[in-house]
Amino acid sequence: MDITKSQLSISHLKMICQLERCETVKEAAQALFITQPALTNRIREAERRLNTSLFYRRGRKIIMSNAGKRLLQSAKKILEELARAEHDISRLTDGIEQVLRIGLPHYASFQWLPKLIQGFNHQHPNIELEISSEAANQPLHALFNHDVDIAMISSASSELELDEKNFKTHCLNQDELVACLSTQHKNANKSYLIASDFLDETYVTNSTVPEKDREYELFFKPESVIPKKVLQVGFNDAIIELVKANVGVSIFSRNQLKRLSYDADIKLIPLGEHGLTLYWHLVYANQPLIAEPAESVIALLQN
C-alpha cells in the first residue's frame, strides 16, 4: 500500500469527525466555520474520490454509511496522532528533544509521582515526561497501539509473557488486593474473606468493566460469584467514604490505599486464606530512544 497516494486530505477527515457530532450538514458547517454549500461540496468530493457513499439523508438529518463509519474510525486515529505530533513538535521548539508518554491505570497509586518527575527532569532535562490520562482504562492496550511509550500495569504473575522483540518488561514490586469494609460491617472481624462473602453485598467500584488481573478475574470469576449490586463511583475517595458509612464494600490494592484517606473506621481484610498477591510491572517499547529513559524511570521508582 502506497501511503503517498491517499485520496483524501486532512480537511476531509475533520469533516467526517465533525459530521458524527452533528445531526445536520448546516450544524457541521457552522462548527467547521465554512458555508453549508462548501461542506456539501467537500462531502461530494470525498465520495467521488472514494467512489462510494459516505452518508445517507433522512429528511434534514444525515446518516453515516458503513463506508463512512470505517473512514471515521481511521480519521479519529489519524487526527489524534497528528495532534500529538504537533504538540511534540511545539515542545521541541522550547528545547525539549523528546516527549515520553506514560500510561497508568486508574487504580494505580500516585504518591511516587512527584519524586519521579523531579528525579527524571534532573537526569533528562531535554525529555519531557507526560502522564497520559487517555490510557487509564487500558494502559497496555494503549502501549500496543503506540499511544504511550511506557505502561504501568498490575498482574497476578511476577513475569509477563510479551513479544520480547518489540517490548521490554520489568517487575517493580509486589502488592496485594484486600477487601475494604466498615468496622461496623458484619464481616469486619473475619481473618479473611472468600468470594461468597460478597454475594449479598453492594460492591462499590470505579469501573463496572471487568479488568484483566484484577478482583473480578482473580477473585470473583473462579468461584462464579457476582455481588448482589454493583455501585459505580468515579472517585476512589468517594468509594472510601461510602465504605466507611457501611453503604457497601470494595476491594483495593494496598499500594493504592497508601494515598487514600482512610482511618480507623475502615477495616482491611485479606482475600482468601493465603491472600491475593499482585505484581506491578513497567512495560515499554524496545526502542533505543525509549528504552534508555525507561530504565531511568525504573531506577527512580525503585530508589
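So, here is what we can say about the structure in this document.

How each quantity is defined
By convention here, each chain's residues receive numbers from 1 onward along its written sequence. Residue-level local features of this predicted model are given only where pLDDT is at least 70; pairs of side-chain atoms are given and counted only at 80 or more, and the full residue set underlies all totals for whole chains, interfaces and linings. Computation of side-chain values covers all heavy atoms of the structure but excludes hydrogens and water. Numbering of helices and strands starts at the N terminus; helices are DSSP runs of H or I of at least 4 residues and strands are runs of E of at least 2. In this description the radius of gyration comes from C-alpha coordinates, and the expected globular size is given by 2.2 Å times residues to the power 0.38. When accessible area is computed with a 1.4 Å probe and restricted to protein chains, residues below 20% of their type maximum are described as buried, those above 50% as exposed, and intermediate ones as partly exposed. A contact between two residues is defined here by any heavy atoms of the two lying within 4.5 Å. We get accessible surface area from the Shrake-Rupley algorithm with a probe of 1.4 Å; when it comes to residues, only the shown protein chains can shield them. Charged-residue counts in this description rest on Lys and Arg as positive and Asp and Glu as negative, His and the chain ends being excluded. Taken as the charge location is NZ of Lys, CZ of Arg, CG of Asp or CD of Glu. Salt bridge, as applied in this entry: a Lys or Arg side-chain nitrogen positioned within 4 Å of an Asp or Glu carboxyl oxygen. Note on ring pairs: Phe, Tyr and Trp rings are taken, using the six-membered ring of Trp, and paired if centres are within 6.5 Å. Classes follow the plane angle, with under 30 degrees stacked, over 60 edge-to-face and the rest tilted. Contacts described as polar in this section are N or O atom pairs within 3.5 Å, which, within protein, must combine one atom able to donate a hydrogen with one able to accept it, while residues neighboring in sequence count only if both atoms come from side chains. To be clear, the arc concerns the directions from the helix axis to the C-beta atoms. Candidate patch residues must exceed 30% relative accessible area and have no salt bridge, after which like charges are joined if within 9 Å and Val, Leu, Ile, Met, Phe, Trp or Tyr side chains if within 5 Å.

1. What to know about the overall build of the chain
For step 1, the next point in the chain: Along the backbone of the chain there are 10 helices and 11 strands.
For step 2, the next point in the chain: Taking 2.2 N^0.38 as the reference for a compact globule, 303 residues should give roughly 19 Å; the C-alpha atoms of the chain span a radius of gyration of 24 Å, well beyond that estimate.
For step 3, the next point in the chain: Based on the C-alpha atoms only, the size of the chain along its principal axes is roughly 70 × 50 × 30 Å.
For step 4, the next point in the chain: Expressed as a percentage of the 303 residues in the chain, the buried residues total 44%.
For step 5, the next point in the chain: Sequence-distant contacts, at least 24 apart, represent 73% of the contacts inside the chain between residues at least 6 apart.
For step 6, the next point in the chain: Roughly 17400 Å² of accessible area belongs to the chain as shown, and the carbon and sulfur atoms make up 49% of that amount.
For step 7, the next point in the chain: The chain carries 34 positive and 38 negative side-chain charges, and their two centres are separated by 10 Å.

2. Some words on the pattern of salt bridges
For step 1, the next point in the chain: The final tally for this structure, using the stated rule, is 7 salt bridges.
For step 2, the next point in the chain: Taking the shortest distance from any N to any O, the salt bridge between glutamate 176 and arginine 254 comes out at 2.8 Å. Note that glutamate 176 is positioned in strand E6 (residues 167–182) and arginine 254 in helix H9 (residues 254–257), a separation of 78 residues in sequence.
For step 3, the next point in the chain: Between arginine 214 and glutamate 215 there is a salt bridge, and its shortest N-O distance comes to 3.7 Å. As far as the burial class goes, arginine 214 and glutamate 215 line up, both buried.

3. Topic: the packing of aromatic side chains
For step 1, the next point in the chain: Summed over all chains, the structure comprises 6 aromatic pairs.
For step 2, the next point in the chain: With a centroid separation of 5.3 Å and 55° between ring planes, the pair formed by phenylalanine 219 and phenylalanine 220 is classed as tilted.
For step 3, the next point in the chain: Owing to a relative accessible area of 7%, phenylalanine 219 belongs among the buried residues under this scheme.
For step 4, the next point in the chain: Linked through ring pairs, Phe198, Tyr203, Phe219 and Phe220 together constitute an aromatic cluster.

4. A look at the environment of serine 9
For step 1, the next point in the chain: As for its placement among the helices and strands, serine 9 is situated in the segment before helix H1 (10–21).
For step 2, the next point in the chain: Sequence spacing of serine 9 and alanine 85 is 76 residues, and the spatial spacing of their C-alpha atoms is 17 Å.
For step 3, the next point in the chain: At 2.7 Å, the side chain of serine 9 and the side chain of serine 11 are in polar contact.

5. Regarding helix H5 (residues 113–123)
For step 1, the next point in the chain: Buried within H5 we find Leu113, Leu116, Gly119 and Phe120. Along the axis of H5, the buried residues cluster in a sector spanning 135°; they form a single face. Opposite the packed face of H5, turned more than 90 degrees from it, sit the exposed residues Lys115, Gln118 and His122.

6. Observations regarding unusual backbone geometry
For step 1, the next point in the chain: One non-glycine residue, histidine 146, adopts positive backbone phi at about 65°.
For step 2, the next point in the chain: Mapped onto the elements of the fold, histidine 146 is located in the loop between helix H6 (139–144) and strand E5 (150–155).
For step 3, the next point in the chain: At serine 224, a residue that is not glycine, the phi angle is positive and equals roughly 55°.
For step 4, the next point in the chain: When you line up the elements, serine 224 lands in the loop between helix H7 (215–220) and strand E8 (229–232).

7. Focus on a nonpolar patch on the surface
For step 1, the next point in the chain: Nonpolar side chains collect at one region of the surface, where Ile10, Ile78 and Leu82 lie side by side and expose about 210 Å² of accessible area between them.
For step 2, the next point in the chain: By the element assignment, leucine 82 lies in helix H4 (residues 66–92).

8. Quick notes on the environment of tryptophan 280
For step 1, the next point in the chain: One can find tryptophan 280 in strand E11 (residues 276–285).
For step 2, the next point in the chain: According to the relative accessible area criterion, tryptophan 280 is buried, its value standing at 4%.
For step 3, the next point in the chain: Placed 122 residues apart in sequence, tryptophan 280 and serine 158 show a C-alpha to C-alpha distance of 8.1 Å.
For step 4, the next point in the chain: Within polar-contact distance, the side chain of tryptophan 280 engages the side chain of aspartate 175 at 2.8 Å.

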